[in-house]
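The primary structure of each chain is shown beneath.
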Amino acid sequence: MGKTVYLDNAATTMADPAVVKAMLPYYSEKYGNPSSLHAFGREAAQALEESRATIAKALGCEADEIVFTSGGTESDNLAILGVAALAKTKRVITTAIEHPAVLKTCDYLEANGFEVVRLPVDRYGILRLADLERALSKEAAAVSVMHANNEVGSVQPIEAIAKLCAGKGVPLHVDAVQSFGKLPIELSKAPISLLSVSSHKIHGPKGAGALFVRRGVKLSPRLLGGGHERGLRSGTENVSGIVGFAKAAEIARRNRVKNCRKMSLLRDRLAKRVLAANKGAWLNGPTGVKRLCNNANFSFPGIEGEALVLRLDAEGIAASTGSACSSKSLKPSHVLLAMGLTPVQAHGSLRLTLSRFTTAREIDYAAGKIAQVVKELGGFSNVSREEAMRRV
Ligand code: PLP
C-alpha cells in the first residue's frame, strides 16, 4: 500500500484544505489585532465576529454566548474552575470516564477543599440517570458530563441529564469535544449551561476552541489581562485559528448526517472484519445510536495494546490505545476500568477512529493488518475463548 492509514481521528484530524485556505490570509495581508481601532484591526474584528456567529449557528445558540479559547482543555478548565470559584457549595459532580481535562480539574478542586462525586458508568460506558438523580439530592455547584467519550465513543443521554440538572438549578457543563460536528447539539432546546468544543477534532487547526456560556451563567475568568472575550478570556484572539475553526464547523454542520452515515458504515465494516478474523476479540462500548459514528475500540486478550499500536505503526497504520494524552503512559485506561474490565483486559485495547476522509480500501487494509499482527503477537494465549466472549 505504501501509505499511511490514519485511524486516530479522536486524537486529532487532518486540517481540511478548505480550512487552511480560509486561514492563510490572516497570516499575511489580514494580520491585524482585532482590538486595534484602525482598518487592519477592524478587518480582523469582523472576521472574529463572523466566526463567532458561525460557531453559534453550529451549536444553536447566540453569538454572544461563545467565548473563544485555545481548545477543549482550556474550555473545560474555564467552565469548571470558573463556576466553582463563584459557588457557595463546595461540591461538584462528574463521571469516572471524563477526559483528563475534566478529571484533573476536579482533582485540583478536591485538593482545594471541594467534594468531588465521580459517578460510575455501566459496562457500555453510559451513566445511569438514577445515580445522577441520587447525587443531585444534595446541593452541588456544578455537574460536568461529557457528551461522547473519546475512548469508547459512548454517548450520554445528555438531554435527560440536562433536564435533571436544570430541575435542581445546578449548572451543567458538557464536554462536547468529541461529539461536535458528529451529533446534533441544539443549545436553544437543551438546558445546558456550559459546553466545550475544540477545532482540531473537526478538521480545523490546533490551538482554537470555544466555550458556550449561556446568558446569565456567571463565571470567574482564568486568564486576566486586557478583558478580551467579554472579560472571560483575556489575550489577543487567535484570529487565523478561529477563522479556520469556523470554516471547519460550517463544513461539519452542512455535511454532518451524510458524513456520519458514511463513517458508521465503514466503522461497522471494520468491526465486522476485525471480530471475524480475531475470534477472542470484542468491541468495547455500546453499539448503534449510543456510539459515536467514527469510534471502534477493541480488546485483544493476551496482547499488550502498546505492542499492537507499535507493530501497526510499522505497517503504516496510525492507531491508539486510549486518549492521546494517556497513550504514552502504560497505565490501563480509566474508562475501560470504569466499564468493568480488569487491568489486564484493559491493557489489550486498541482504539481506531475514522474521519470523513477514511476510505473502504483503508479500512480493509487495516483490518487485514490487524489480523496479521494479532496473530504474530500471539494473542489469546492466556485467555480462554469463553472468557473472552463473555464480554462481547
Ligand atoms: N475533551 C475530550 C473529550 C477530548 O477528547 C479532548 C482531546 O482529546 C479534550 C477534551 C481536550 O481538547 P484539546 O486537545 O482541544 O485541548
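Residues numbered from 1 in each chain as written. Predicted model: local features only at pLDDT ≥ 70, side-chain atom pairs only at ≥ 80, totals over all residues. Heavy atoms only, no water.

Re the domain arrangement of the protein chain
Per the domain assignment, the segments of the protein chain are domain 1 (5-13 + 256-388) and domain 2 (17-251). Placing the centre of domain 1 and that of domain 2 at their C-alpha centroids yields a distance of 28 Å. With 31 residues of domain 1 at the contact, the number on the domain 2 side is 32 residues. Both faces considered, domain 1 and domain 2 share a buried interface measuring about 2,700 Å² in area, 57% of it formed by carbon and sulfur atoms. Among the residues domain 1 hides against domain 2, the three largest losses belong to T13, R256 and L292. Together they make up 24% of the total. The tally of links from domain 1 across to domain 2 stands at 16 residue pairs in polar contact (both at pLDDT 80 or more). Sorting the residues of the side of domain 1 that touches domain 2 by element identifies helix 7 (239-277), strand 10 (295-299) and helix 9 (334-338) as the ones contributing at least two each. Among the elements that make up the side of domain 1 that touches domain 2, the one with the highest residue count is helix 9 (4 residues). (Domains from an automatic or database assignment. Contact = heavy atoms within 4.5 Å. Buried area = accessible area lost by both parts, 1.4 Å probe. Polar contact = N/O pair within 3.5 Å; in protein donor to acceptor, adjacent residues only side chain to side chain. Helix = DSSP H or I, 4+ residues; strand = E, 2+ residues; numbered from the N terminus.)

Notes on unusual backbone geometry
Here H203, not a glycine, exhibits a phi torsion of approximately 70 degrees, which is positive. With respect to the helices and strands, H203 occurs in the loop between strand 7 (194-198) and strand 8 (209-213). The class of H203 is buried, set by a relative accessible area of 5%. Of note, E229 is a non-glycine position whose phi angle comes to about 50 degrees, a positive value. Residue classification places E229 among the buried residues on the basis of a relative accessible area of 6%. (Buried < 20%, exposed > 50% of the residue type's maximum accessible area, 1.4 Å probe, protein only.)

Thoughts on the pairing of strand 3 (residues 91-95)
Burial runs high along strand 3: 5 of the 5 residues are buried. Residue alternation in strand 3 divides its side chains into two sets, R91, I93 and T95 and V92 and T94, and both sets are buried. As for the winding sense of the linkage, the β-α-β connection from strand 3 through helix 4 (residues 100-111) to strand 4 (residues 115-119) is right-handed. Note: strand 3 against strand 5 (residues 142-146), 2 bridges, orientation parallel. Pairing of I93 across the sheet is with V143, part of strand 5. (Right-handed = clockwise from strand over helix to strand, strands pointing away. Pairing = 2+ DSSP bridges.)

Some details on the nonpolar core
By size, the foremost hydrophobic cluster in this structure holds 45 residues, and its most contacted members are L59 and L195. With 6 residues, helix 7 is the largest single contributor of residues to this core. When neighbours within four sequence positions are excluded, L59 is seen to be in contact with I66, F180, I185, E186, L187, L195 and V197. (Core = buried A, V, L, I, M, F, W, Y, C linked by side-chain atoms within 4.5 Å.)

Describing the pattern of salt bridges
In the structure shown here, the tally under the stated rule is 20 salt bridges. The closest approach of N and O atoms between E115 and R91, which form a salt bridge, is 3.4 Å. Separated by 24 residues along the polypeptide, E115 in strand 4 and R91 in strand 3 bring together distant segments of the chain. Judged by its relative accessible area of 35%, E115 falls in the partly exposed class. The partner of K369 in a salt bridge is E315, and the shortest N-O contact between them spans 3.3 Å. One end of the pair, K369, is in helix 11 (residues 360-376); the other, E315, is in the loop between helix 8 (305-314) and strand 11 (317-318), with 54 residues separating them in the sequence. (Salt bridge = Lys/Arg side-chain N within 4 Å of Asp/Glu carboxyl O.)

A few points about the state of the cysteines
This model, assessed by the stated rule, comprises 0 disulfides. No disulfide involves C61; its sulfur sits 19 Å from the nearest other cysteine sulfur, which is in C165. Exposure remark for C61: the relative accessible area of 13% places this residue in the buried category. (Disulfide = S-S within 2.5 Å.)

A word on the site of the ligand
As a matter of local geometry, the ligand sits amid 13 residues, with T73, D175, Q178, S198 and K201 nearest to it. Here G72 contributes a backbone N or O atom positioned 2.8 Å from an oxygen atom of the ligand. A distance of 2.6 Å separates a nitrogen atom of the ligand from a polar atom in the side chain of D175. Residue composition of the shell around the ligand, by class: 2 nonpolar, 8 polar and 3 charged. (Near = heavy atom within 4 Å. Nonpolar A, V, L, I, M, F, W, Y, C, P; charged D, E, K, R; others polar.)

Quick notes on the environment of P221
Looking at the element boundaries, P221 is found in the loop between strand 8 and helix 7. Between the C-alpha atoms of P221 and L232, which are 11 residues apart in sequence, the distance is 4.7 Å. Residues in contact with P221, not counting those within four places in the same chain, are L78, G231 and L232.

A short note on the sheet that holds strand 6 (residues 172-175)
As summarised here, the arrangement of the 7 strands in space is 2-8-7-6-5-3-4, forming an open sheet in which the pairing is mixed. Here the strands that pair on one side only, and so sit at the sheet edges, are strand 2 (66-69) and strand 4. With strand direction ignored, the average angle separating the axes of adjacent strands in the sheet is 20 degrees. Judged from the 3 bridges that link them, strand 6 and strand 7 form a sheet pairing that is parallel. Considered in strand 7, the bridge of V174 is made with L195. Against the sheet, helix 3 (residues 72-86) touches strand 2, strand 5, strand 6, strand 7 and strand 8, its axis set at about 165 degrees to strand 7. (Axes fitted to C-alpha atoms, helices over the stretch in contact; angles between N-to-C directions.)

Remarks on helix 3
Taking 1.5 Å of rise per residue, the 15 residues of helix 3 would be expected to cover 21 Å, and the 22 Å separating its terminal C-alpha atoms lies within 8% of that figure. Of the residues making up helix 3, those classed as buried are G72, E74, S75, D76, L78, A79, I80, L81, G82, V83 and A84. The elements touched by buried residues of helix 3 are strand 2, helix 4, strand 5, strand 6, strand 7 and strand 8. (Expected span 1.5 Å × (residues − 1).)

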